[in-house]
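Listed below, chain by chain, are the residues.
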Amino acid sequence: KSSKREWKPLEDHSCTDVPWLLLFILFCIGMGFICGFSIATGAAARLLSGYDSYGNICGQKNVKVEGIVNSGLDLTHKKYVFFLDPCNIDLVHQKIKSIALCVSACPRTELKTLADVQKFAEINGSTLCSYELQPSEYTTDPRAAKLCPKYPVPESAPIPFFHRCAPVNISCYAKFAEALITFVSDSSVLHRLISGVMTSKEIIMGLCLLSLVLSMILMVIIRYISRVLVWILTILVILGSLGGTGVLWWLYAKKRLSAGALETQIAKDNLQALLIYAIAATVFTVILFLIMLIMRKRVALTIALFHVAGKVFIHLPLLVFQPFWTFFVLILFWTYWIAVLLFLGTTGSPVPNEEGFVEFQMAGPLKYMWWYHVVGLIWISEFILACQQMTVAGAVVTYYFTREKRNLPFTPILASVNRLVCYHLGTVAKGSFIITLVKIPRMILTYIHTQLKGKENACARCMLKACICCLWCLEKCLTYLNQNAYTATAINSTNFCTSAKDAFVILVENALRVAAINTVGDFMLFLGKVLIVCSTGLAGIMLLNYQRDYTIWVLPLIIVCLFAFLVAHCFLSIYEMVVDVLFLCFAIDTKYNDGSPGREFYMDKVLMEFVENSRKSMKEAGRGGGAEGRELKPM
């Protein structure tokens, strides 16, 4: 029934999926509760001000912890955390294995002996040994070897905002760096790589800016080169398949003619393998030609949609900046999420450990709060991305279904954001929750697979990988369906399930066109990404080649190319989104309109030419004699 329901683009707006919006708001309130709980229990103070191994927060008066001798001290004048052995890092548990103390000042010079430590305490009033030792006892008390810092004490400086004394010389963390950069066996290589990045930082920033500009330019001009790209792709595929098949048959014929009576079994096996390969290549080439023959007219639709998408970006220039806003909001949320995660790492009640020091642990159901926090990371991130999809869909729908383009709103993007906030946040919350339901099991299975690597048998490993792959495919399919559901919601202001059904029916009725757009179109956009990366990389090679201040510039070039690909992907994914929205609008337009008075098309002139060409081909084929006729039956 939904496929026969009349579509009324932009005629009325109503709130959709309100219960899901309320559920999402309640979930966000829960996220806020976790943040408030961690701050109220002192986690924020412990994280920012730091705390010692006895549970005392530096820079304030503290409460006594039962069973801990040095707890409950007044450390108002000792505002910095100092580690007796700051270079002893436990990579497994991701913490420093050292006694932590609160001190009034960090050692700004290297202290080579206990006498230097004692002199530093007398001059600066900062005691670097444990609280039970007085500065006068540093050189005489036998406990000083255990309760004083490991010497030489490296020069250190406080970390801004976090009040921790960190060694100035990063060589202290050589073990940590070695674990992170396992492919570097020579420290001199690492030094040259880092120096190369630091010396060429201006060039790197300039090349990153170049990739940004190239991505924007490509989004505007791709509509002019889309036809050329499609034909180049078609010719390359034809030549590649024919050439590969011909070479295989030529090799088989050559081997067959040169074969003698005394040929070995290996030679016979190779000849048979060549025959199998040649036959398989022939079958593949024939199938490929048939597919290209069937889809040749649908490729024309892809070219037309790319042309119209270019016009959309000219009329809606703010679409170009959509990735910036989304990325900015995601960075803000991720920063908040990481800060709360750090709070959770230091929240809880003080508990003595086996060594007689204090650890903060949560008891009862509260210790599972980080699971809620992880689900919040996935759902809210997907919600932000879905808001971008709905915003783009609403703006493109407004452009497509406005007959007179001069009557477009002053800023269709802002108008789309206004409709999203007023009417469709519930739909976005529901769609993003569905993606979250698929993402979480896949992440859990991936984690299990990582933890069991090398321990599970081959069958279990295969089943795990198969489940992960199936969930990944399901996630991609649902993401695509969600995007089209958002478009249907933007057109007809229906709830998520109704929009998803309507969009699914339209996509099934135009399955071959969808296949053409998602193959040819995606490959064209991939070529665009390759073009931007290659152009930026070439410019990087030319600029870095003239830089003689360092020896290795491989790492700067890799950084530039990765950034160029990331930027190109962000911008061209918006282009892909616009093409998908235009296609759904076009399919709905051709389904419910035929160009007659009262049922005029909304489509652009370029798409109108495609429709006229399709009508001519239908007449020549006897109107409805094939798949093309079935797809254009309403016209």
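Refer to the structure presented above.
A quick note: this is a predicted structure, and the numbers were derived from the prediction, not measured. (Residues numbered from 1 in each chain as written. Predicted model: local features only at pLDDT ≥ 70, side-chain atom pairs only at ≥ 80, totals over all residues. Heavy atoms only, no water.)

Peer 1: I would appreciate a short explanation of the overall build of the chain in the present structure.
Peer 2: From N to C terminus, the chain includes 18 helices and 8 strands. Within the chain, the proportion of its 635 residues that are buried is 43%. Counting only contacts in the chain whose residues sit at least 6 apart along the sequence, the fraction spanning at least 24 positions is 72%. When the accessible surface of the chain is split by element, carbon and sulfur atoms take 68% of a total near 34100 Å². (Helix = DSSP H or I, 4+ residues; strand = E, 2+ residues; numbered from the N terminus. Buried < 20%, exposed > 50% of the residue type's maximum accessible area, 1.4 Å probe, protein only. Contact = heavy atoms within 4.5 Å. Areas by Shrake-Rupley, 256 points an atom, 1.4 Å probe, with all protein chains shown as cover.)

Peer 1: Help me out: how do you make sense of the state of the cysteines in this one?
Peer 2: The bond known as a disulfide is covalent and runs between the sulfur atoms of two cysteines. Summed over the entire model, instances satisfying the criterion amount to 3 disulfides. Across the disulfide from C58 sits C102; the S-S distance is 1.9 Å. For the disulfide bridge between C58 and C102, the dihedral angle about the S-S bond is near -80°, and by the sign convention the bridge is left-handed. Of this pair, C58 sits in the loop between α2 (43-49) and β1 (80-83) while C102 sits in strand β4 (residues 100-103), and the two are 44 residues apart along the sequence. The exposure class assigned to C58 is buried, which follows from its relative accessible area of 3%. Its relative accessible area of 0% is what places C102 among the buried residues. Between C106 and C165 runs a disulfide, and the two sulfur atoms are separated by 1.9 Å. In this structure, the disulfide formed by C106 and C165 twists by about -80° around the S-S bond and is classed as left-handed. On the criterion of sequence distance, the pair formed by C106 in the loop between β4 and α3 (114-124) and C165 in strand β6 (residues 165-167) is long-range, its members being 59 residues apart. The exposure class assigned to C165 is buried, which follows from its relative accessible area of 5%. (Disulfide = S-S within 2.5 Å.)

Peer 1: What is the right way to read the side chain of N70 from this model?
Peer 2: Mapping N70 onto the fold places it in the loop between α2 and β1. We classify N70 as buried; its relative accessible area is 11%. In terms of polar contacts, N70 uses its side chain to reach the side chain of E132, at 2.9 Å. With residues near it in sequence (within four places) discarded, N70 still touches Y54, N56, S130, Y131 and E132. (Polar contact = N/O pair within 3.5 Å; in protein donor to acceptor, adjacent residues only side chain to side chain.)

Peer 1: How do you make sense of the pairing of strand β8 (residues 358-361) when you look at a structure like this?
Peer 2: Two faces belong to every sheet, and in a regular strand the side chains alternate between them. Only one face of β8 is covered, namely the face carrying V358 and F360; the face carrying E359 and Q361 is uncovered. By the bridge criterion, 4 bridges tie strand β7 (residues 349-352) to β8 in an arrangement that is antiparallel. In the strand pairing of β8, S349 is matched with Q361. What sits between β7 and β8 in their antiparallel hairpin is a turn of 5 residues, with G356 showing a positive phi close to 90°. (Pairing = 2+ DSSP bridges.)

Peer 1: Whenever I open this one, the environment of T245 confuses me. Can you help?
Peer 2: Considering the arrangement of structural elements, one finds T245 in helix α7 (residues 201-258). A residue is classified by how much of its surface remains accessible, and T245, at 10% relative accessible area, is buried. The spacing of T245 and V283 is 38 residues in sequence and 9.5 Å in space, taken between C-alpha atoms. Apart from residues no more than four positions distant in its own chain, T245 is found in contact with A278, A281, T282 and T285. In terms of polar contacts, T245 uses its side chain to reach the backbone carbonyl oxygen of S241, at 2.8 Å.

Peer 1: What am I meant to see in the packing of aromatic side chains here?
Peer 2: Two descriptors summarise a pair of aromatic rings, namely the distance from one centre to the other and the angle between the planes of the rings. Within this structure, the stated rule accounts for 18 aromatic pairs. Aromatic side chains F24 and F383 sit 4.2 Å apart centroid to centroid with 20° between the ring planes, which places their arrangement in the stacked category. Pair noted here: F24 is in helix α1 (residues 18-40) and F383 is in helix α11 (residues 369-400), with a separation of 359 residues, a long-range link. Each member of the pair F24 and F383 is classed as buried. By way of ring pairs, the aromatic residues W20, F24, F27, Y372, W379, F383 and F433 are connected into one cluster. The ring of Y592 is capped by K591, whose NZ or CZ atom sits 5.8 Å from the centre of that ring. (Phe/Tyr/Trp six-rings, centres within 6.5 Å; stacked < 30°, edge-to-face > 60°. Lys NZ or Arg CZ within 6 Å of the ring centre and 35° of its normal.)

Peer 1: Is there a simple way to think about the nonpolar core in this case?
Peer 2: Residues L319, Y400, Y575, V578, L582 and L607 are the most contacted members of the largest nonpolar core, which totals 85 residues. Counting residues per element, this core draws most heavily on helix α16 (residues 554-592), at 18 residues. When neighbours within four sequence positions are excluded, L607 is seen to be in contact with L301, A304, L305, V308, Y400 and F586. In this structure, C58, L75, C102 and L128 belong to the second largest nonpolar core, which totals 33 residues. (Core = buried A, V, L, I, M, F, W, Y, C linked by side-chain atoms within 4.5 Å.)

Peer 1: Looking at this structure, I do not really get unusual backbone geometry. What am I missing?
Peer 2: A negative phi angle characterises most non-glycine residues, just as the trans form characterises most peptide bonds. Of note, D17 is a non-glycine position whose phi angle comes to about 55°, a positive value. Looking at the secondary structure, you find D17 in the segment before α1. The backbone of S493 sits at a positive phi, close to 55°, despite the residue not being glycine.

Peer 1: Teacher, can you tell me more about α3 here?
Peer 2: Each α-helix turn comprises 3.6 residues. Residues three or four places apart therefore point the same way. Those residues of α3 lying buried are L114, V117, Q118, F120 and A121. Within α3, the buried residues cover an arc of 160° as seen down the axis, which keeps them to one side. Turned more than 90 degrees from where α3 packs its buried face, K119, E122 and I123 sit exposed. Check the buried side of α3 and you find it contacts α4 (144-147). Just past α3, the residue G125 takes up positive phi, approximately 70°. (Arc of directions from axis to C-beta.)

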